Amino acid sequence: MSRELLPLSVPNLMGKEIEYVSNVVKSGWVSTAGPYVSDFESKLSEYVNCKGAVSCQNGTSGLHIALQVCGISKDCEVIVPTLTFIAAVNPVKYTGAEPVFMDCDDSLTLDVAKLRAFFENECSFIDGKLINKATKKHIKAILVVHVFGNMADMEGIMELSQKYNLKVIEDATEALGTYYIDGKYKGKYAGTIGDAGVYSFNGNKIITTGGGGMIVSNNENFLKRAKHLTTQAKCDELYFIHDEIGYNYRMTNIQAALGLAQLEQIEHFIETKRKNYEFYKREISKIHGLKILEFKDNIRPNYWFYSLYIDENYPLNRDEVIGYLASKKIQTRPIWGLISEQKPYKANQTYRIEKAFEYLEHVVNIPCSSNLQKEDAEYVVECLKQAGV
């Protein structure tokens, strides 16, 4: 009997998803109105302990709205990481602004030391504005990505944002449930420290609505404007009067019902992923040339993705590992191609991109679903042992 494909990351739909979605279908409220939308917004903002949340179509639309509400527009710049999914950076272009690409540190998140050096050496701070010496443009914001469930150095980033009068948007699309357990922001969740945070509920995320996203903030005016823009900027519901260009970025009631059922299980998902991560880390450390990258020790991560680091002592390189595991019906993936190397962004400014190239070459993500069985994780490890012989 042939083995079925072991997927990288798939949904875990073992809660009240069918019950809640059935309720929506029976009610007839299947589109962009209905009680589950507001309930999901309320329960998610309660979970991450922030003032409010605004649902949207996906994480990308959430970032687009967050940037707009933060005043990002043509003729300004936004600091972004090069090591991320392209959906984190494209919304900067949607606003007419330009990204400036930064390197990662060993957590795969934004390198704050290099960010500080860039501001000090390559910029001027004039009349409350940070001006890029090379482009003469006003740098208005930092877009932080919490990669694979890890958390960027928010203490350092917020310190720089306050010093240079910058907005901070947190792309926490991969980090719902991650929070600090130590330091200045102890107890604060990814997405709730900057001016706004955005979560994704794509099918491979820690919880899913199939598609969908959520914008969170502790600024009530921000939330009000985000809601306005995501619902077509309608200022008169009855007579369809609109006061600016808005967007049809609303989440459906069916999606919200699915999300609410998923949110009820998130801590169980995280605990399962933690156990599998610990197993992988312990067993893979016994294989010469391989290791699982660790999460920061001052956070409780959501353990979203497990990153296998392949060094020169292992007989296979990154692409060979991907191919070998595929032959064993194990789905894996490399880190995304660096965004600053992509065709639409080759002309954009970069600053000392070094470690991102290293991790791109050496990291492969291995199966990490919240319903991953121990025997499946054991099979992955055994295949890696066999390949290393």
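Preceding this paragraph is the structure being described.
Here the structure is a predicted model, which means the values were calculated and not measured.

Visitor: Teacher, can you tell me more about the pattern of salt bridges here?
Guide: What the rule picks out here adds up to 13 salt bridges. The salt bridge partner of aspartate 195 is lysine 167, with a shortest N-O separation of 3.9 Å. Of the two residues, aspartate 195 is situated in the loop between strand E8 (179-180) and strand E9 (196-200) and lysine 167 in strand E7 (residues 167-171); the sequence distance between them amounts to 28 residues. Note that lysine 286 and glutamate 283 form a salt bridge whose closest N and O atoms lie 3.2 Å from each other. With relative accessibility at 57%, the residue lysine 286 sits in the exposed group. Residues joined in a network through salt bridges with shared partners are Asp103, Lys114 and Glu354.

Visitor: Sorry if this is basic, but what is going on with the pairing of strand E10 (residues 213-217) here?
Guide: Regular strands place their side chains on alternate faces of the sheet. Of all five residues in E10, five are buried, a share of seventy percent or more. On E10, burial covers both faces: Gly213, Ile215 and Ser217 on one face and Met214 and Val216 on the other are all buried. Examined bridge by bridge, strand E1 (residues 52-56) and E10 share five bridges and lie antiparallel to one another. Paired with cysteine 56 across the strands is glycine 213, a residue of E10. Summarising the sheet, E9 and E10 pair through four bridges and their orientation is antiparallel.

The rules behind the values
Residues numbered from 1 in each chain as written. Predicted model: local features only at pLDDT ≥ 70, side-chain atom pairs only at ≥ 80, totals over all residues. Heavy atoms only, no water. Salt bridge = Lys/Arg side-chain N within 4 Å of Asp/Glu carboxyl O. Helix = DSSP H or I, 4+ residues; strand = E, 2+ residues; numbered from the N terminus. Buried < 20%, exposed > 50% of the residue type's maximum accessible area, 1.4 Å probe, protein only. Pairing = 2+ DSSP bridges.

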